[in-house]
Amino acid sequence: MTDVKRLFDFPYYQLEHKPTDTALVTKYDGEWTPMSTQEYVDKANAISRALLRLGVQPNDKIAVISSTNRTEWNIMDIGILQLGAQNIPIYPTISPEDYEYVLNHSESIYCFVSDEEVLEKVRKVQANTKLKEVYSFNKIEGCKHYSELFELGKDESNQPEVEARKDAVKPEDLATIIYTSGTTGKPKGVMLSHKNITSNALDSSKRLPNINGETRILSFLPICHIFERMLIYLYQYVGASVYFAEGLDKIGENAKEIKPHLMSVVPRLLEKVFDKIMLKADELKGIKHKLFYWAVELGEIWQPYKANGWWYEFKLSIAKKLIFSKWRAALGGELTTMVSGSAALQPRLSKIFAAADMQVMEGYGLTETSPVISVGMYREKSYKVGTVGKPIRNVEVKIAEDGEILIKGPNVMMGYYKDEEKTASVMTDAYFHTGDKGEIDEDGFLKITGRKKEMFKTSGGKYVIPTLLENDLKQSLFIEQVMVIGEGEKMPAAIIQPNFDFIRDWIDHKGHNISKSESEIARSQIIKDRIQKEVDKYNQNFGKWEQIKRFELTEVVWSVDSGHLTPTMKIKRDVIKNIHKDLYDKIYN
C-alpha cells in the first residue's frame with residue numbers, strides 16, 4: 001500500500017509501516033488491555049465476514065452507540081466500512097425519541113450498543129424501526145453479544161468477497177452519516193465520504209507535534225463526533241498508541257496511570273480543570289498561597305516564542321519547578337500538547353496552560369468540514385493566542401462581505417442526507433457557508449469573531465455579538481455558564497448560572513452566613529453583588545451599547561441531560577430562553 005484513500009486503509013497503513021502492540025487500549029475490569037495492530041485488522045476482517053453472512057449489502061446502514069470510547073467501536077467501524085456499508089454513530093445520551101428519529105431517518109438495519117443503559121433506550125423504540133437485531137459490547141442478559149460475530153466470521157472462506165468489496169469502495173463513496181446535535185429542530189444528517197475524512201486527517205497530520213510509536217494518546221471526547229473520530233484515524237496513521245479513558249469523570253485518574261503525551265479537549269473541560277486547581281489553591285496558606293497566585297499571574301501574561309524576554313523566562317522557570325510541575329503531575333506528568341476544538345477557548349487559559357508546558361493548540365471546524373479547517377502549531381511560528389491557527393493545506397478560507405467564513409476543499413461534506421434543499425442553502429458553488437463570522441490577520445491567522453445567526457440587534461438598532469461577551473464573562477471563577485440576551489430589546493442582559501462549587505468555597509473563605517444550596521446561592525443578594533463586580537469588570541472591554549445592563553442568576557445547573565446544552569457543550573439559546581422565561585421576563589418586564 002502506498003497511500004491512504006479510504007478510512008479502512010488507516011489500520012492497514014499502520015500495520016505495514018508502524019505496527020504496534022498497543023494500537024488500541026481499553027480498560028476492562030480494572031486492567032488496561034492492549035490490542036495490537038495485527039489483531040485489530042484481523043478482528044475487523046472477521047466482523048466483515050460475519051456481516052456478509054448476515055446479508056449486509058453496500059450502502060446498508062449500521063448504527064453504533066457507545067457511552068465511552070472503546071476498542072470495540074473501532075473494530076466495528078472498520079468491519080462495516082470495508083463492505084461499502086456505512087457506520088451511523090449516535091450520541092448515547094440523546095432521548096429515545098431522538099434514537100428513533102436517527103435510526104429511522106438513516107434506515108439502519110443493525111445496531112451495536114455499549115451497555116445496558118443504551119440498550120434500554122434502543123429497546124423502547126426498536127419495534128418502530130427497521131432494526132433486524134441489536135448486539136452489545138458488554139455482556140447483557142437478553143441481548144446478543146457482539147462476540148457472536150467473531151464466531152460467525154471465523155470461517156475465512158468468504159474473505160475473497162470481503163477483499164472484492166473493499167476494492168469496490170471508492171474514495172468519493174459515502175462513509176458515514178453524522179447527525180449533528182443542533183440547537184433547534186431535528187438533527188441534520190451530515191454525509192461524509194471516505195475522501196472527506198481521509199483528506200482531513202492527512203492534511204491535519206502536519207500540524208501534530210512529533211509523534212512516534214512511543215507516543216501515548218488519551219482519548220475521551222465522544223468518538224461519535226467527527227473531531228475525535230478523525231483524530232483516531234490520524235493517530236493510527238502516525239503509529240501512536242490510543243488509550244480510551246473510562247469516562248469524563250476518570251480523566252485525571254486515567255492520565256496518571258498512562259501518562260499521555262497528547263489529548264484532545266474542549267474548552268469546557270479546561271475551564272473545569274482550571275476551576276478545580278483554583279479551588280485547591282484557596283486551601284493553601286502563607287507563602288504557598290502567595291507563590292501559587294504569583295505563578296498564575298505570570299502565566300496570564302505568557303507569550304509564545306519567549307517574547308517576554310529572559311527575565312520573564314527566568315521567573316517562569318521557577319514557577320514551573322515550584323507550582324506548574326504539580327499541575328502536570330496531576331495529568332500524568334508527560335502531557336505536552338492538547339488540541340482544543342468545538343468552541344472558543346479563553347486566551348487566558350491558553351496562556352496559563354502553555355506557561356505550565358502544556359500547550360493548547362486551538363483549532364476550528366464543523367461536522368460539515370470533516371471537521372478541521374484550521375489549527376495552531378507551535379513549530380514554524382504558526383501559533384498565536386486568540387486565534388485558531390492557519391488553515392490546513394488544501395483548505396481554502398474566504399471571508400464573505402458580511403464577515404461570514406466560507407470554506408472550499410476536499411473536506412467539505414457531500415450534503416445533508418435526504419435534504420437537498422438544506423444542502424443548497426449552505427452552499428454557493430463549491431463554498432460551504434459556516435454560519436460563523438471571522439477575519440484573517442496580516443500573518444494569515446484565522447480569528448473567529450462570532451456566530452452569524454447568533455448576532456442580534458437591540459431595539460435601538462445596535463448589533464451585539466453575544467459569544468464575545470459570554471467568552472469574556474466565563475473567565476470569571478464565579479460564573480459557570482452565561483447566555484447573553486436582548487434581541488429586539490432596549491439593552492443587552494444575561495442569564496447566568498453561577499459556579500456553585502467555587503462559590504461554596506468562597507462562602508467558607510469569607511465567612512458569609514449564606515446557605516450553600518443552589519436556590520439560596522442564586523437568591524443571595526451578597527452573591528449577586530459579587531457577580532455584579534465581575535460583570536462590571538468585563539463590561540469595560542466592550543462598547544456602551546454592548547455592555548450587560550442587567551442579569552439574573554439561575555439555580556439550575558445547565559447540562560446536556562437538562563437540555564440546556566448540546567452534546568458538544570454549546571448552549572441551546574432558544575431552549576434556555578424558554579426554560580428561564582421567568583428570568584427573561586423579570587429582566588425586561
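Just above, that's the structure.
All of these numbers come straight from a predicted model, not from anything done at the bench.

Student: Looking at this structure, I do not really get the overall build of the protein. What am I missing?
Tutor: Helix and strand counts for the protein come out as 21 helices and 27 strands. Computed over the C-alpha atoms, the radius of gyration of the protein is 25 Å, within 12% of the 25 Å expected from 2.2 N^0.38 for a compact globule of 589 residues. Its C-alpha atoms give the protein principal-axis dimensions of roughly 75 × 55 × 50 Å. Put simply, the protein has 589 residues, and 57% of those count as buried. Of the contacts formed within the protein by residues at least 6 apart in sequence, a portion of 66% connects residues at least 24 apart. On the protein, roughly 25300 Å² of surface is accessible, and the fraction owed to carbon and sulfur atoms is 49%. Averaging the coordinates of the 80 positive side-chain charges in the protein and doing the same for the 83 negative ones gives two points 5 Å apart.

Student: Even after reading the chapter, I still don't get the pattern of salt bridges, so can you show me in this structure?
Tutor: Within the structure shown, the criterion is met by 29 salt bridges. When the shortest N-O distance is used, the salt bridge between Glu151 and Lys154 registers 3.4 Å. For Glu151, a relative accessible area of 53% corresponds to the exposed category. Ionic pairing is found between Lys166 and Glu163, a salt bridge with its closest N-O pair at 3.3 Å. A residue pair is termed a helical-turn pair when its members lie 3 or 4 positions apart in one helix, as Lys166 and Glu163 do in helix H7 (residues 159-168) at 3 residues. Owing to a relative accessible area of 9%, Lys166 belongs among the buried residues under this scheme. A cluster of three or more residues bridged by salt bridges with shared partners is formed by Lys27, Glu246, Lys250 and Glu257.

Student: I would appreciate a short explanation of helix H17 (residues 500-510) in the present structure.
Tutor: The periodicity of an α-helix, 3.6 residues per turn, causes residues three or four positions apart to be oriented the same way. Along H17, the residues classified as buried are Phe500, Phe502, Ile503, Trp506 and Ile507. Projected down its long axis, H17 carries its buried residues within an arc of 155°, all on one side. In H17, those exposed residues whose orientation departs by more than 90 degrees from the buried face are Asp501, Asp508 and His509. Against helix H11 (267-281), strand E26 (493-498), helix H18 (518-523) and helix H19 (525-539) lie the buried residues of H17. Phi turns positive, to about 75°, at Gly511, one or two residues after H17.

Student: Help me understand the sheet that holds E26 in this model?
Tutor: To summarise the sheet geometry, strands pair through backbone hydrogen bonds and adopt either a parallel or an antiparallel arrangement. Pairing in this open sheet of 3 strands is mixed, and the strands run E25-E26-E27 from one edge to the other. One side of each edge strand has no neighbouring strand; the edge strands of this open sheet are strand E25 (479-485) and strand E27 (550-553). Between one strand axis and the next, the sheet turns through 25° on average, direction left out of account. As paired elements, E26 and E27 share 4 bridges and run parallel to each other. For Ile496, the partnering residue across the bridge sits in E27 and is Leu553. Taken strand by strand, H19 contacts E25, E26 and E27, and its axis lies near 135° from that of E27.

Student: Any chance you could explain the pairing of strand E12 (residues 262-265) here in plain terms?
Tutor: Look at any regular strand and the pattern is simple: side chains alternate between the two faces of the sheet. What you see with E12 is no split at all: Leu262 and Ser264 on one side and Met263 and Val265 on the other are buried throughout. As paired strands, strand E10 (residues 216-219) and E12 are joined by 2 bridges and run parallel to one another. Note on E12: the bridge partner recorded for Ile217 is Leu262. Two elements, E12 and strand E13 (residues 337-340), share 4 bridges in a ladder whose sense is parallel.

Student: Would you mind going over the packing of helix H1 (residues 9-17) against helix H9 (residues 226-238) with me for this structure?
Tutor: Geometrically, a packed helix pair is captured by the angle between its two axes and the distance between the axes. With their axes 7 Å apart at the nearest point, H1 and H9 run at an angle of 20° to one another. As the angle between them shows, H1 and H9 are arranged roughly parallel. As H1 runs across H9, the sense of the crossing is left-handed. Between H1 and H9, the contacting residues are Phe10, Pro11, Tyr13 and Gln14 on the first element and Tyr233, Tyr235, Gln236 and Tyr237 on the second. Looking at side-chain class alone, the contact of H1 with H9 contains 6 nonpolar, 2 polar and no charged residues.

Thresholds applied
Residues numbered from 1 in each chain as written. Predicted model: local features only at pLDDT ≥ 70, side-chain atom pairs only at ≥ 80, totals over all residues. Heavy atoms only, no water. Helix = DSSP H or I, 4+ residues; strand = E, 2+ residues; numbered from the N terminus. Rg over C-alpha atoms; globule rule 2.2 N^0.38 Å. Buried < 20%, exposed > 50% of the residue type's maximum accessible area, 1.4 Å probe, protein only. Contact = heavy atoms within 4.5 Å. Areas by Shrake-Rupley, 256 points an atom, 1.4 Å probe, with all protein chains shown as cover. Lys, Arg positive; Asp, Glu negative; His and termini not counted. Charge placed at Lys NZ, Arg CZ, Asp CG, Glu CD. Salt bridge = Lys/Arg side-chain N within 4 Å of Asp/Glu carboxyl O. Arc of directions from axis to C-beta. Pairing = 2+ DSSP bridges. Axes fitted to C-alpha atoms, helices over the stretch in contact; angles between N-to-C directions. Parallel < 35°, antiparallel > 145°, perpendicular 65-115°, else oblique. Left-handed = near helix turned anticlockwise from the far one by under 90°. Nonpolar A, V, L, I, M, F, W, Y, C, P; charged D, E, K, R; others polar.

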